[in-house]
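# Structural overview
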Amino acid sequence: MSTLVIVESPTKARTIRKYLPNDYQVEASMGHIRDLPQSASEIPAAVKKEKWSQLGVNVEADFEPIYVVPKDKKKVVKTLKDALKNATELVLATDEDREGESISWHLLQVLKPKVPTKRMVFHEITEEAIQSALHNCRDLNEQLVHAQETRRILDRLVGYTLSPLLWKKIAPKLSAGRVQSVAVRLIVMRERERRAFRMGSYWDLKAHLTKDNTPFDAKLISLDGTKVATGSDFDENTGQIKAGRNVQRLNESDANALKERLLGKPWNVSNFEERSSRRKPAPPFTTSTLQQEANRKLRLSARDTMRVAQSLYENGYITYMRTDSVHLSEQAIAAARDCVTQMYGPDYLSPKPRQYATKSKGAQEAHEAIRPAGNRFRTPRETGLKDRELALYDLIWKRTVASQMAEARQTSLSVDLSVENALFRANGKRIDFPGFFRAYVEGSDDPDAALENREAILPALAVGDRPDCQDIEAVGHETQPPARFTEASLVKTLESEGIGRPSTYASIIGTIIDRGYAQMQKNALVPSFTAFAVCSLLENYFPDLVDLHFTAKMEATLDRISTGDVEWIPYLREFYSGDKGLDTQVRQQEDQIEPTEAKTIVLENLPVKVRIGKFGPYLETEKDGETITASIPQNLTPSDLDSEQVEVLLRQKTEGPEKLGMHPDTGEPIYILIGSYGPYVQLGEVSDENPKPKRASLPKGQTPETITLETAVGLLSLPRLLGVHPETGNKVQAGLGRFGPYIVHKKGGEEGKDDYRSIKASSDDDVLTITLDRALEMLAEPKRGRGRRGSKKKPMRELGDHPTDKEPVNIYDGPYGPYIKYKRKNISIPDGDSAEELTLERAVELIAAKSSSRKSSSRKSSTSKGKTSSKKSSTTKRKTTSKKSSQSDT
């Protein structure tokens, strides 16, 4: 006979088993073993005819939930019941939060144990924590179970009442979750701001100065005592200076005239200020802040962050990852301080142990922040972890250790310089003592690099000094629209508004993307036209449900239910069945919602209607009494749809595709079209004989306006054979795929998978002109794995510095043998030369030969394209972000 311990996952079971006595058996419930019905087939036959059965909640009998064991959990339940037959004791060891408590409660309801039962809780899976938990078991906390059940019922009522309405009025498969709908509205509201945004332009001057041979820059701040306009002075809705702002706005001619007038005039330091400041380290991670930093630094989605963190927790590397608390135990503080002393020295240790207070009003879940597990923190190197798990553990380790480090001390410098009637300002920053910066800088991957970037060194300056002006640059700026939400900034906003629980943000954002309400573009959440339609319907007919304050108040009420301060049944009854309840509103409003109106999106200043159709969003307009429609490409967002694009889409529909010219070899016409996935070129017309003519998407940076016939012919010729690999004899090709241009070494067969390399937009390489030699260079370079930024491969040999620019010349081992690396160039080592015996002088010769051959092929390429180079103007135009934008999402 033995003790049966039940946890949620097999991974957690394997880890915890190591720390339990031999007569303990550990099994996994695989999460919840029962839940509300997910489909009509799961609804019990006894209640299937009841009108409330589709909700899974008996709204006529005090909101009693219908719980069922899904088909995929029946085998799990049988395994647990069989294990229980041989047990003399049952220990429920699910997670310590509300969800974990609920899983344990459901296990009791289904298994109905006849042996003594205990509840064991812990926030890390280490031997010490498990042994302590075994000796401090408690009873099941029904108050936590009750809180989770109330939240689950409320979410089901909202989702299963509103979603069918969206299916009828807009499109099938849509959803309207309680927190999800508010999150979608936030994303849509930001996109509306971007659409309403009007760009403002302004110019200023940047002076390049020197003092004692030390260069520094200064920026124009005022003329004749009047401040010069910057981005924060502009109204985002008009593109003009805000009312009441006493500023002087320079245009291009003003700036250039002032530049010419000031050149050669004497400069004088009129004011010098120093201001010292201290910075304390950020608190250890909570669920929310971990999701934000992992998104900013590691480009992990909230869903991936929680998945990786779950694995780290279950394998005993970190403490429980669903927590609102920033508290650290005394054991954790001691472990962190030991790390500081050993790795950075006593000078970097905070004078006293630093403890943090949780600011979130509704904070609950686990009682400690996310940190490395145990009473001794393993360094990232000691863990043996790899890839994403290593990167996330490294982030958690650094943040925890930094929390016990000394404050950073820095000095801000401000120097005002006068020249005639203009006042310039140079700003500098000096880090006097890096403190916790040595371990962790929020928002930066590399603390050492961040330290350098944070410093802006100025020469020794004093009032009355006369630095030399080397040059003055007129710089143009354009204000930028408010930045779109990233996952990090959306999580931050949801938490600050008190909407939802941080532990659910990952699944909420995942659902928003899965349902097509938003797509990721360069780490930003871009709402779809469907999101606009759904948001408008909810705002017009159910405004409370998407109101931020109402939702936050609802969240607070749910937390009060968990403490017993609010009765749950009267609250649910009022919310769902009251005079202004959800069910009442839906019955009253359903007939008032016209489907055609619900599917129509109102976008100002457009001469057409935008509607949601069976196959996606489309344009609709009337011309000569005839209705004309045109599909909107998937990559075209609501904020980017303007009158010019509308005209192009409608013209393509009414007049047919634009013909670029005739193919020089086949004589067939080449058309430029815009489809659901963006612009593309097509060879020939669609006909019965040619139902699928050859097509090629336009590469990044090309538009229908800039594409030439020559480029179109090249794109239609892809994939292009470059030659054969000298070592394998297999083909090497260049092509254009889903993720952009690439080269590929076609291995195939028994030799293994084809070997791909992306052609980066930032490089000088072109998919239409790249040579075999260049492709072989790229193939010789090792692939860069995802999520491993900052990791550098060690060279086989360091030959020394290049004699002309002192850049290092090294030899690396690649998949096709050793190669020379110099700057960003990879040069194959030719036959007859040995990597072990190669000299620096010989490597320099090979580098020069490669550079010469590339320049020659580049000249031929540019000649064939008929391109001419032009000198850049010394007057440059740069973009700046408006103050509102930069403050919104940082």
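Residues numbered from 1 in each chain as written. Predicted model: local features only at pLDDT ≥ 70, side-chain atom pairs only at ≥ 80, totals over all residues. Heavy atoms only, no water.

A word on the side chain of Asp-755. Tracing the chain through its elements places Asp-755 in strand E28 (residues 755-758). Among the polar contacts listed, one links the side chain of Asp-755 to the side chain of Arg-757, at a separation of 2.6 Å. (Helix = DSSP H or I, 4+ residues; strand = E, 2+ residues; numbered from the N terminus. Polar contact = N/O pair within 3.5 Å; in protein donor to acceptor, adjacent residues only side chain to side chain.)

Counted at 1.5 Å a residue, the expected span for helix H6 (residues 178-196) with its 19 residues is 27 Å, and the 28 Å between its end C-alpha atoms agrees. Most of H6 is tucked away: 15 of the 19 residues are buried. (Expected span 1.5 Å × (residues − 1). Buried < 20%, exposed > 50% of the residue type's maximum accessible area, 1.4 Å probe, protein only.)

Running from N to C, helix H9 (residues 302-314) and helix H12 (residues 387-402) cross one another at 85°; their axes reach a closest spacing of 10 Å. The pairing of H9 with H12 is recorded here as roughly perpendicular in orientation. Counted together, Asp-304, Thr-305, Val-308, Ala-309, Ser-311 and Leu-312 of H9 and Arg-388, Glu-389, Leu-392 and Tyr-393 of H12 form the full contact between these two elements. (Axes fitted to C-alpha atoms, helices over the stretch in contact; angles between N-to-C directions. Parallel < 35°, antiparallel > 145°, perpendicular 65-115°, else oblique. Contact = heavy atoms within 4.5 Å.)

Turning to helix H7 (residues 252-262), a few remarks are in order. Since the α-helix advances by 3.6 residues per turn, residues separated by three or four positions end up pointing in the same direction. Ala-255, Leu-258, Lys-259 and Leu-262 are the residues of H7 that are buried. Seen end-on, H7 carries its buried residues on one side only, within an arc spanning 105°. Buried residues belonging to H7 abut strand E7 (201-211), strand E8 (214-223), strand E12 (408-419), strand E13 (422-433) and strand E14 (468-478). Two residues or fewer after H7 comes Gly-264, characterised by a positive phi angle close to 85°. (Arc of directions from axis to C-beta.)

Turning to the confidence of the model for the chain, a few remarks are in order. Scored by pLDDT, the chain has a mean of 86; 90% of the residues are at 70 or more. Every residue in residues 786-791 scores below 50 in pLDDT, and together they form six contacts with partners more than four places removed in sequence or on other chains. Confidence over residues 857-890 falls short of pLDDT 50; this stretch has 53 contacts with residues more than four positions distant or in other chains. (pLDDT = per-residue confidence, 0-100.)

Membership of the largest hydrophobic core comes to 145 residues, with the highest contact counts inside it found for Leu-162, Ile-170, Ile-318, Phe-542 and Leu-641. Look past the residues within four positions of Ile-318 in its chain and what remains in contact with it is Glu-124, Ala-309, Leu-312, Tyr-313, Ile-370, Arg-371, Pro-372, Ala-373, Tyr-393 and Ile-396. (Core = buried A, V, L, I, M, F, W, Y, C linked by side-chain atoms within 4.5 Å.)

On to the environment of Gly-316. Counting through the fold element by element, Gly-316 comes out in the loop between H9 and helix H10 (330-344). Using a relative accessible area of 6% as the deciding quantity, one classes Gly-316 as buried. Linking Gly-316 and Glu-124, residues 192 residues apart in sequence, is a C-alpha distance of 6.6 Å. Those residues in contact with Gly-316 that sit more than four places away from it in its chain are Thr-15, Ile-125, Ala-373 and Arg-378.

Tracing the chain through its elements places Glu-89 in strand E5 (residues 87-92). Judged by its relative accessible area of 15%, Glu-89 is buried. Sequence separation between Glu-89 and Ile-508 is 419 residues; the distance between their C-alpha atoms is 38 Å. In this view, Glu-89 contacts Ser-2, Thr-3, Leu-4, Tyr-24, Val-115, Pro-116 and Lys-118; residues no more than four positions away in its chain are not counted. Within the local environment of Glu-89, its side chain forms a polar contact with the side chain of Lys-118, the two groups lying 3.1 Å apart.

Once that is clear, we can look at the sheet that holds strand E1 (residues 2-7). Judged by pairing direction, the sheet is parallel, and its four strands sit side by side in the order E2-E1-E5-E6 without closing on themselves. Both outer strands of the open sheet, strand E2 (24-28) and strand E6 (117-119), are each paired with one neighbouring strand and no more. Averaged over neighbouring strand pairs, the angle between their axes works out to 25° when direction is ignored. Two strands pair when backbone bridges link them, and E1 and E5 are joined in this way by five bridges, in the parallel orientation. When the sheet's bridge partners are listed, Leu-4 is paired in E5 with Leu-90. Each of E1 and E2 is contacted by helix H1 (residues 10-17), which is oriented at about 165° to E2, the strand it contacts most. Contacts from helix H2 (residues 71-85) reach E1, E2 and E5 within the one sheet, and its direction differs from that of E2 by about 170°. (Pairing = 2+ DSSP bridges.)

Here E28 shows one buried face, formed by Asp-755 and Arg-757, and one open face, formed by Tyr-756 and Ser-758. Sheet topology note: the strand E27 (residues 740-745)/E28 ladder contains four bridges and is antiparallel. In the sheet register, Tyr-742 faces E28, and the bridge partner there is Ser-758.

In this section: the packing of helix H17 (residues 548-562) against helix H18 (residues 568-577). A packed helix pair is summarised by two numbers, namely the angle formed by the two axes and the spacing between the axes. Running from N to C, H17 and H18 point in directions that differ by 155°, and their axes come no closer than 10 Å. Here H18 runs roughly antiparallel to H17, going by the angle between their axes. When you trace H17 past H18, the crossing you get is left-handed. From H17, Met-554, Thr-557 and Ile-561 reach across to H18, where they touch Trp-568, Tyr-571 and Phe-575. By residue class, the composition of the contact of H17 with H18 is five nonpolar, one polar and no charged. (Left-handed = near helix turned anticlockwise from the far one by under 90°. Nonpolar A, V, L, I, M, F, W, Y, C, P; charged D, E, K, R; others polar.)

What describes a pair of aromatic rings is the distance from one ring centre to the other and the angle between the planes of the rings. Counted by the stated rule, this structure contains eleven aromatic pairs. Ring geometry for Phe-285 and Tyr-440: centres 6.5 Å apart, planes at 85°, overall edge-to-face. Of this pair, Phe-285 sits in the loop between strand E11 (268-279) and helix H8 (287-298) while Tyr-440 sits in the loop between E13 and helix H13 (447-454), and the two are 155 residues apart along the sequence. The same class applies to Phe-285 as to Tyr-440, namely buried. Above the ring of Tyr-160, the side-chain terminus of Arg-156 is found at 3.8 Å from the ring centroid. (Phe/Tyr/Trp six-rings, centres within 6.5 Å; stacked < 30°, edge-to-face > 60°. Lys NZ or Arg CZ within 6 Å of the ring centre and 35° of its normal.)

The buried fraction of strand E23 (residues 678-683) amounts to five of the six residues, a majority that puts the element mostly inside the structure. Pairing analysis gives six bridges linking strand E22 (residues 669-675) to E23, with the strands arranged antiparallel. Counted as the bridge partner of Leu-673 is Tyr-680 from E23. Summarising the sheet, E23 and strand E24 (residues 695-697) pair through three bridges and their orientation is antiparallel. Each residue of the ladder has a partner; that of Val-681, found in E24, is Ala-696.

Hydrogen bonds along the backbone pair up the strands of a sheet, which may run parallel or antiparallel. Strand order in the open sheet formed by four strands is E21-E22-E23-E24, and the pairing between neighbours is antiparallel. In the strand order of this sheet, the two ends are held by strand E21 (658-662) and E24, each with one partner. When the angles between neighbouring strand axes are averaged without regard to direction, this sheet yields 25°. Relative to E22, E21 runs antiparallel, the two being bridged by four bridges. In the sheet register, Met-662 faces E22, and the bridge partner there is Pro-669.

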